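# Summary of the model geometry
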Amino acid sequence: MKLSTSQDFDVPIGVLYGRISDVDMLERLALRRGIEVQHRASTPRFAAGAVWDVRFHLRGRDRTLVTTLTGLEAPHSLRVEAVGTGLDAALAVDLVALSRSRTRLALDFVIRPRSMPARLLVQTMKLSRRRLKQTLTDRLEGVARRIENDYRRAL
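Definitions and cut-offs
- Residues numbered from 1 in each chain as written.
- Predicted model: local features only at pLDDT ≥ 70, side-chain atom pairs only at ≥ 80, totals over all residues.
- Heavy atoms only, no water.
- Salt bridge = Lys/Arg side-chain N within 4 Å of Asp/Glu carboxyl O.
- Helix = DSSP H or I, 4+ residues; strand = E, 2+ residues; numbered from the N terminus.
- Core = buried A, V, L, I, M, F, W, Y, C linked by side-chain atoms within 4.5 Å.
- Buried < 20%, exposed > 50% of the residue type's maximum accessible area, 1.4 Å probe, protein only.
- Contact = heavy atoms within 4.5 Å.
- Pairing = 2+ DSSP bridges.

Within the structure shown, the criterion is met by 13 salt bridges. Linking Asp 10 and Arg 102 is a salt bridge whose minimum nitrogen-to-oxygen distance equals 2.1 Å. In this pair, Asp 10 sits in the loop between β1 (2–9) and α1 (13–20) while Arg 102 sits in strand β7 (residues 102–113), placing the two residues 92 residues apart along the sequence. Between Arg 114 and Asp 88 there is a salt bridge; the shortest N-O distance is 3.0 Å.

The following block contains the structure:
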């Protein structure tokens, strides 16, 4: 299953890349949503190959993912892969400078089931694809407004 969305930000590409690659901020956001994130000390903090253990509660069960930062091309792209029990996921974030002060962020999220329970989970997600995409778009719009406001205040 694949979900994609994009959002335009009224900030330069370098500023936006700096915000989306701020690992500490991303970990705080996850914690606010009840997601436990733990960086593996044996890997670099923010470089290709960085690994995090992610734990969260979804549909009545505790889930665990091993998340790896697989690609990093500053300031244009970021790639993350996650492996969990029965499923794999991949996140691709691409940034395109539309002008000196405007940037488009494109987000592609792919989930691939590897077991029957994971197939059932993905199938139920497919049934609510429109709602999931709208939620993803709404959250990305909220992030855009916060980043834009922070950027304007910093000027």
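Moving on, there is more to tell.
The subject of this paragraph is the nonpolar core. Counting 30 residues, the largest nonpolar core has Phe 9, Leu 16, Ile 20, Leu 95 and Leu 105 as its most contacted members. Sequence-distant contacts of Leu 95, defined by excluding residues within four places in its chain, comprise Ile 13, Leu 16, Tyr 17, Ile 20, Pro 75, His 76, Thr 103, Arg 104 and Leu 105.

Before going further, it helps to examine the pairing of strand β4 (residues 61–73). Taken together, the eight bridges between strand β3 (residues 51–58) and β4 define a ladder with antiparallel strand orientation. Bridge pairing in β4 links Trp 52 to Thr 67. Taking the residues between adjacent antiparallel strands as the criterion, β3 and β4 are bridged by two residues, where Arg 59 takes a positive phi near 50°. Here β4 pairs with strand β5 (residues 77–84) via eight bridges, running antiparallel. The partner of Thr 68 across the bridge, within β5, is Glu 81. Taking the residues that link successive antiparallel strands as the turn, the β4-β5 hairpin has three residues.

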